[in-house]
Amino acid sequence: GGGGGRLINGRPPQDRPYAIACDFGYGVGASNTVFSAGDAESRHKIMEYVSPFIAPEEAARLVCAAGIWIGGLGGFPLVNFESNGPGQNFIKQLLSLRYPRVYIASESAVKVGAGSDETYGWHSSPDAKTAMLGEYRAALGGGRFRNPSAAALKECLGYFVDKFGRVVTQYDLTKHTVGEDVARTPHGDRVIADGLLHQAYPQAGRVKAELAGPAVG
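The sections below set out a description of the structure shown in this document. (Residues numbered from 1 in each chain as written. Predicted model: local features only at pLDDT ≥ 70, side-chain atom pairs only at ≥ 80, totals over all residues. Heavy atoms only, no water.)

### Considering the overall build of the protein chain
We apply this condition: The way it works is that DSSP assigns letters per residue, a run of H or I at least four long becomes a helix, a run of E at least two long becomes a strand, and they are numbered from the N terminus. Per-residue accessibility, obtained with a 1.4 Å probe over protein chains only, is compared with the maximum for each type, and a residue is labelled buried under 20%, exposed over 50%, and partly exposed between these values. Any two residues whose heavy atoms approach within 4.5 Å at even a single point are treated as in contact. Using a 1.4 Å probe, the Shrake-Rupley method yields the accessible areas, and only the shown protein chains count as cover for residues.
Across its full length, the protein chain holds six helices and six strands. Overall, the protein chain shows an N-to-C arrangement of helices and strands of β-β-β-α-β-α-α-α-β-β-α-α. Across the 217 residues in the protein chain, those meeting the buried criterion constitute 49%. Here the contacts in the protein chain between residues at least 6 apart in sequence split such that 66% fall between residues at least 24 apart. When the accessible surface of the protein chain is split by element, carbon and sulfur atoms take 56% of a total near 10,700 Å².

### Section: the environment of Leu197
One can find Leu197 in helix α6 (residues 189-212). Using a relative accessible area of 0% as the deciding quantity, one classes Leu197 as buried. With 119 residues separating them along the chain, Leu197 and Leu78 place their C-alpha atoms 9.5 Å apart. In contact with Leu197, other than residues within four places in its own chain, are Ala19, Ile20, Ala21, Ser36, Ala37, Gly38, Lys45 and Phe145.

### Some thoughts on the pattern of salt bridges
Put simply, the rule reads: Here, a salt bridge means any side-chain nitrogen of Lys or Arg that lies within 4 Å of a carboxyl oxygen of Asp or Glu.
Summed over all chains, the structure comprises eight salt bridges. Linking Lys45 and Asp194 is a salt bridge whose minimum nitrogen-to-oxygen distance equals 2.9 Å. On the criterion of sequence distance, the pair formed by Lys45 in strand β3 (residues 44-51) and Asp194 in helix α6 is long-range, its members being 149 residues apart. With a relative accessible area of 3%, Lys45 lands in the buried category. For the salt bridge of Arg190 with Glu155, the shortest nitrogen-to-oxygen distance reads 2.7 Å. Here the residue Arg190 occupies a position in helix α6, and Glu155 occupies one in helix α4 (residues 150-156), the gap between them amounting to 35 residues. Each member of the pair, Arg190 together with Glu155, is buried.

### Regarding the packing of helix α1 (residues 56-70) against helix α2 (residues 86-96)
Stated precisely, the cut-off is as follows: Think of each axis as a best-fit line through the C-alpha atoms, taken over the contacting stretch in the case of a helix, with angles from 0 to 180 degrees between the N-to-C directions. Any angle that falls under 35 degrees is termed roughly parallel, while one over 145 is termed roughly antiparallel, one within 65 to 115 roughly perpendicular, and all others oblique. Helix crossings fall into two classes, left-handed where the near helix is turned counterclockwise from the far one by less than a right angle and right-handed where it is turned clockwise. Gly counts as polar in this scheme, as do all residues outside two lists: the nonpolar Ala, Val, Leu, Ile, Met, Phe, Trp, Tyr, Cys and Pro, and the charged Asp, Glu, Lys and Arg.
One way to put it is that α1 packs onto α2 with a least axis distance of 8 Å and a crossing angle of 45°. Relative to α2, the element α1 is oriented oblique. Between α1 and α2 the crossing geometry is right-handed. In this structure, α1 uses Pro56, Glu57, Ala59, Ala60, Arg61, Val63 and Cys64 to contact α2, whose residues at the interface are Pro86, Asn89, Phe90, Gln93 and Leu94. Class assignment of the residues belonging to the contact of α1 with α2 gives a composition of eight nonpolar, two polar and two charged.

### Description of the packing of aromatic side chains
Formally: A pair of aromatic rings is counted whenever rings of Phe, Tyr or Trp (Trp by its six-membered ring) have centres within 6.5 Å, and the orientation is called stacked for planes under 30 degrees apart, edge-to-face for over 60 and tilted otherwise.
Enumeration over the complete set of coordinates arrives at six aromatic pairs. Aromatic pair Phe24 and Phe90: ring centres 4.5 Å apart, planes at 35°, arrangement tilted. Here Phe24 is found in the loop between β1 (18-23) and β2 (33-39), whereas its partner Phe90 is found in helix α2, with 66 residues between them in sequence. The same class applies to Phe24 as to Phe90, namely buried.

### With respect to the layout of surface pockets
This is how it is decided: Put simply, the grid is 1 Å and covers the protein atoms alone, a cavity is a trapped set of points that fit a 1.4 Å probe, a pocket is an open set with protein on both sides within 12 Å along at least five of seven lines, and lining residues have an atom within 4 Å of a point. Grid points are joined across faces, edges and corners, and a volume is the space filled by probe spheres set on the points.
Considered as a void within the structure, the second largest pocket measures approximately 290 Å³ in volume. As for the second largest pocket, its lining consists of Thr130, Leu133, Gly134, Tyr136, Arg137, Leu140, Cys156, Tyr159, Phe160, Val161, Val167 and Val191. At the level of elements, α3 (126-141) and β5 (159-161) are the ones that each hand at least two residues to the lining of the second largest pocket. Here the lining of the second largest pocket takes six residues from α3, the largest share from any one element. A per-class count over the lining of the second largest pocket returns nine nonpolar, two polar and one charged.

### Considerations on α3
Every α-helical turn comprises 3.6 residues, leaving residues that sit three or four positions apart pointing alike. Our working rule: Each helix should span, by expectation, one fewer than its residue count multiplied by 1.5 Å. This arc is built from the directions going out from the helix axis to the C-beta atoms.
Between its terminal C-alpha atoms α3 stretches 22 Å, which fits the 22 Å expected from 16 residues at 1.5 Å a residue. Among the residues making up α3, those that are buried are Lys129, Met132, Leu133, Tyr136 and Ala139. In a view along the axis of α3, the buried residues occupy a sector of 115°, so they form one face of it. In this structure, α3 carries Pro126, Asp127, Arg137 and Gly141 as exposed residues pointing more than 90 degrees from its buried face.

Below you can see the structure in the form of structure tokens.
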């Protein structure tokens, strides 16, 4: 069930909750910007977009367009993203476009309504990255994340634990130059986007209960 990649009238089934997750480069060819989208109920990834030449501001416009096309319960997918670095440029542009559904970093965050960018998305740190990727790995192994992308699954194999106990790729440990060949070197960008998609699924899935309203009886 859940539709997978099935389209109805040119769009994913509209009776499902969806999420989009993003990992960003700066759009200069050094690393990829990746979007992953999936069904928050079936946990099936339905879309992947990858480019090393999309700046964060342009990425926000593309995510907004993708969100309008995907739709689903609540009208729009929930968007999660890495908030470090270029992620701040992304969220400012996304909010200026009045995109209505963004992942809240903390359930106790009280400044979201006041427009604080700090409360949106996922902030990467060595510990946070290890925890997030560990949860994604467990979901893949347990069948709780259905990933049809061979390229994304291949990138998972590029991660390992270094001598300091950090989860890294070889790219993280070497010096680089800017260019398309560097972007083709696996950075694990797809893995981060997919891990953030898995992280967003529970929050995205709540829209079904919210639309149903309080139980009666």
